[in-house]
Amino acid sequence: MNSRLILIFSILFFFCSLITNAQSYENARQHQCLKCHSNQTYTFLNTVKGKEEKRLMNPYFILDTVAMTNGVHKQFDCTDCHSSEYATYPHNGNLKLEPLSTCLDCHGGDESFAKYKFDQIQEEVNKSVHYKVYGENFGCSKCHSQHTYVTTARNSDNVLEIVDNDNKMCLSCHNDMKKYKLVSGHENPKLVEVHDWLPNQELHFRHVRCVECHTEVIDSLMVSHNILGKDHAVKKCVECHTANSRLKASLYKYENLQKRSEKGGIHIVLSNSSYMIGTHQSPLLKLLSFLIFFAVLSGIIIHLLFRIFKK
Amino acid sequence: MGTTEKIYFYPVWLRIWHGINALGIIILIITGISMQSSLDSPLIGFSLAVNLHNITGIVILLSYLFFFIGNIVTKNGKYYLIKAKGFFQNPIKQSVYYAWGMFHGSKPPFPLSQKRKFNPLQKYFYVLVMYIAVPIVIITGIALLFPELIIEEAYGFSGLFLTAILHSAVGFFISIFLIIHIYMSSIGKSPFDNFKSIISGWHHL
């Protein structure tokens, strides 16, 4: 009897939760929060004037309900993280001052999330240039929108999609003056200009993640979160273009042709900063060259000694 | 010393070429090694090494053409001709002299004269360097300056990679030659006599 009751309540609870979720995101107009926060404008009853008023919504507080429906946190409702007092409007001004739950409040120290290594990521973030500049205010959500976040790198086998998705996180601030200024206090440098040393820039941007050059890579994390200052970024072509000689050859040829097509003239050929590493690319030849060098040197020394003492 | 016979072996054009070539080759070796080992020393910065190597390479190309033409239009070229007779025995005889004979009071097997400027072993090395090795580094060097000239792929390797390997391997051979060349020059009337000769033009027999 007892177990039957539990079963009935469980089924009821399950359907109720399904219904509330459906209301939450798929039917935003019915949702208590999203009926305002998914639109450009909102209407409310001004009790002082005693009439309805329509106002513009702060663009930073408008949520993309479609993205939310696909996000990893879709099963949560707004008041699971935000104060339930937000249910009334006008919102109580003091609510802004209350600290929000952080990601680690749920994800930290939890076995079920162990594979994502949230705690280690937090340690890395604390070493990063972002944390040094903005302190604890630079939380996970600055890059990973808690409302719409989807795991791409783990699920996608399309490299271009992963690169695009990851770089958008960086660009959301680094390509946006207002957001950038919030953290750094000065205007954002033009990315195309600061990367003008990089050959074939557009191709690199499409195929390489920002973090590839701008983090200290550690093997134990899928994506390193210790974002380094620009002085520590990878800037030597050979750091990437060494493993495969073919890649290096293409790099050499590219740089050479590029420089000549840009400026023209024979002098460019001479002042070409690209170069090609020769025999030392092959460990065998390197060893051989050392052996020959020392053999010749010892031959000469022995001969010289004979000339000095034997004559 | 004053009583010894001397021959005017090295005409002015040859001495000028030798001077430019010596300086150029030394610069190429130093900058070559510095690039090879990716050294970014405060003395020669990496980009300076690259530029210096490229410019000196062109200077050496011009000086090589000067040497090549000079050896055609003057009689100097005949000293580099190798005859079939004694092709193997002569250099071996000379090697034995260097390794054994000269320490046991033997006379040089091929004494130098107006007709013979180089001993056989010396001639072989000079021909090897000036008519095989230097042309190879010049041609591969030009190819590396204009990489579109190089075939894309050969036997599954990048053509550019093979060219670079050949360039630096032959460059290494020339460096080894230079060490031996300088050492052998000290075997003369006196240790510094041959060095004086290449400046004055007169060789003491």
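Since the structure is predicted, the reported quantities are computational estimates derived from the model, not experimental observations.

**Here's the deal with the overall build of chain A**
When helices and strands are counted, chain A shows 16 helices and two strands. Per-residue burial for chain A yields a buried fraction of 24% across its 311 residues. Of the contacts formed within chain A by residues at least 6 apart in sequence, a portion of 45% connects residues at least 24 apart. Accessible surface computed for chain A: about 21800 Å², of which carbon and sulfur atoms make up 59%.

**Description of the environment of K123 of chain B**
For K123 of chain B, the position within the fold is in helix α4 (residues 120-145). Not counting chain neighbours up to four residues away, the residues in contact with K123 of chain B comprise Y79, Y80, L81, I82 and F118 of chain B.

**Quick look at the confidence of the model for chain A**
Residue and element names in this part refer to chain A. Counting all residues, the mean pLDDT for chain A is 81, and 78% of those residues have values of 70 or more. At the level of individual helices and strands, chain A shows its lowest average pLDDT in helix α15 (residues 266-270), which scores 56, and its highest in strand β2 (residues 51-56), which scores 93. Long-range and interchain partners of residues 243-247, a stretch whose pLDDT sits below 50, account for five contacts in this model, where long-range means more than four residues apart.

**A look at the pattern of salt bridges**
Residue and element names in this part refer to chain A. In this structure the tally under the stated criterion is six salt bridges over all chains. A salt bridge links R55 to E53; its shortest N-O distance comes to 3.1 Å. Residues joined in a network through salt bridges with shared partners are K49, E53 and R55.

**Observations regarding helix α2 (residues 46-73) of chain B**
Since the α-helix packs 3.6 residues into each turn, any two residues three or four apart lie on the same face. Here α2 of chain B is 28 residues long and its end C-alpha atoms lie 40 Å apart, about the 40 Å a rise of 1.5 Å per residue gives. Inspection of α2 of chain B places F46, A49, V50, H53, N54, T56, I60, S63, Y64, F67, G70 and N71 of chain B among the buried residues, and these make up the whole buried set.

**Notes on helix α9 (residues 177-184) of chain A**
Its side-chain oxygen at 3.0 Å from the backbone nitrogen of K178 of chain A, D176 of chain A defines the N-terminal cap of α9 of chain A. A positive phi of about 85 degrees marks G185 of chain A, the residue just after α9 of chain A.

**What about the packing of aromatic side chains?**
All names here are of chain B. Tallied over the entire structure, the rule returns 26 aromatic pairs over all chains. On the numbers, 4.9 Å between centres and 85 degrees between planes, the contact of F87 with F88 is edge-to-face. Put simply, the rings of F9, Y10, W17, Y64, F67, F68, Y79, Y80, F118, Y126, Y131 and F177 pair up and form one aromatic cluster. The ring of W202 has K6 lying over it, and the distance from NZ or CZ to the ring centre is 5.2 Å. The ring of Y79 has K78 lying over it, and the distance from NZ or CZ to the ring centre is 4.5 Å.

**What about the state of the cysteines?**
Two cysteines, two sulfur atoms, one covalent bond between them: this is a disulfide. All names here are of chain A. Inspection of the entire model under this criterion finds zero disulfides over all chains. As a non-bridged cysteine, C143 has C170 as the owner of its nearest cysteine sulfur, 6.6 Å distant. By relative accessible area, which is 30% here, C143 ends up partly exposed. C173 takes part in no disulfide bond, and the closest cysteine sulfur to it belongs to C143, at a distance of 6.8 Å.

**Observations regarding the pairing of β2 of chain A**
All names here are of chain A. Note: strand β1 (residues 41-46) against β2, six bridges, orientation antiparallel. From the neighbouring strand, Y42 faces β2, where its bridge partner is R55. Adjacent in sequence and paired antiparallel, β1 and β2 are bridged by four residues, among which G50 carries a positive phi angle near 75 degrees.

**Here's the deal with the nonpolar core**
Residues and elements named next belong to chain B. Counting residues in hydrophobic clusters, the biggest one holds 27 residues, and the most contacted among them are Y64, F67, Y80, M130, V134 and I174. Mapped by element, the contributors of at least two residues to this core are α1 (12-36), α2, α4 and α5 (159-185). Tallying contributions element by element places α4 first for this core, with eight residues. When neighbours within four sequence positions are excluded, V134 is seen to be in contact with Y64, V129 and I174.

**Describing the packing of helix α3 (residues 89-99) of chain B against α4 of chain B**
All names here are of chain B. Running from amino to carboxyl end, α3 crosses α4 at an angle of 115 degrees, the nearest separation of the two axes being 7 Å. Judged by the inter-axis angle, α3 sits roughly perpendicular to α4. Side by side, α3 and α4 meet where N90, P91, Q94, S95 and Y98 of the first sit next to P120, L121 and Y124 of the second. Across the contact of α3 with α4, the residue classes break down as five nonpolar, three polar and no charged.

**A closer look at unusual backbone geometry**
A cis amide bond links Y89 of chain A to the next residue, P90 of chain A, at an omega of -5 degrees. Along the polypeptide, P90 of chain A turns up in the loop between α4 (78-81) and α5 (103-107).

**Observations concerning the environment of M35 of chain B**
All names here are of chain B. With respect to the element layout, M35 can be found in helix α1. Look at M35 and you get buried, because its relative accessible area is 11%. Taking the C-alpha atoms as reference points, M35 and A49, separated by 14 residues in sequence, lie 6.8 Å from one another.

**Considering the confidence of the model for chain B**
The predicted model of chain B has a mean per-residue pLDDT of 90, with 95% of residues at 70 or higher. Interface scoring of the predicted complex returns ipTM 0.90; its pTM is 0.56.

**Considerations on the packing of α1 of chain B against α5 of chain B**
Any two packed helices are characterised by how steeply their axes cross, that is the angle between the axes, and by the distance between the axes. Residues and elements named next belong to chain B. The geometry of α1 relative to α5 is characterised by a closest axis approach of 10 Å and an angle of 125 degrees between their N-to-C directions. Compared by their axis directions, α1 and α5 come out oblique. For the crossing formed where α1 meets α5, the hand is left-handed. For the pair formed by α1 and α5, the contact residues are H18, I25, I26, I29 and Q36 on the first element and S168, I174, S175, L178 and H181 on the second. Looking at the contact of α1 with α5 residue by residue, the classes come out as five nonpolar, five polar and no charged.

**Things to note about a positive patch on the surface**
Residues and elements named next belong to chain B. Together, K83, K85, K115 and R116 make up a region of like positive charge exposed at the surface. Tracing the backbone through its elements, the reader meets K83 in the loop between α2 and α3. Owing to a relative accessible area of 66%, K83 belongs among the exposed residues under this scheme.

Rules used throughout
Residues numbered from 1 in each chain as written. Chains lettered and ligands numbered in written order. Predicted model: local features only at pLDDT ≥ 70, side-chain atom pairs only at ≥ 80, totals over all residues. Heavy atoms only, no water. Helix = DSSP H or I, 4+ residues; strand = E, 2+ residues; numbered from the N terminus. Buried < 20%, exposed > 50% of the residue type's maximum accessible area, 1.4 Å probe, protein only. Contact = heavy atoms within 4.5 Å. Areas by Shrake-Rupley, 256 points an atom, 1.4 Å probe, with all protein chains shown as cover. pLDDT = per-residue confidence, 0-100. Salt bridge = Lys/Arg side-chain N within 4 Å of Asp/Glu carboxyl O. Expected span 1.5 Å × (residues − 1). Polar contact = N/O pair within 3.5 Å; in protein donor to acceptor, adjacent residues only side chain to side chain. Phe/Tyr/Trp six-rings, centres within 6.5 Å; stacked < 30°, edge-to-face > 60°. Lys NZ or Arg CZ within 6 Å of the ring centre and 35° of its normal. Disulfide = S-S within 2.5 Å. Pairing = 2+ DSSP bridges. Core = buried A, V, L, I, M, F, W, Y, C linked by side-chain atoms within 4.5 Å. Axes fitted to C-alpha atoms, helices over the stretch in contact; angles between N-to-C directions. Parallel < 35°, antiparallel > 145°, perpendicular 65-115°, else oblique. Nonpolar A, V, L, I, M, F, W, Y, C, P; charged D, E, K, R; others polar. Left-handed = near helix turned anticlockwise from the far one by under 90°. Patch = residues over 30% accessible without salt bridge, like charges linked within 9 Å, V, L, I, M, F, W, Y side chains within 5 Å. Lys, Arg positive; Asp, Glu negative; His and termini not counted. Charge placed at Lys NZ, Arg CZ, Asp CG, Glu CD.

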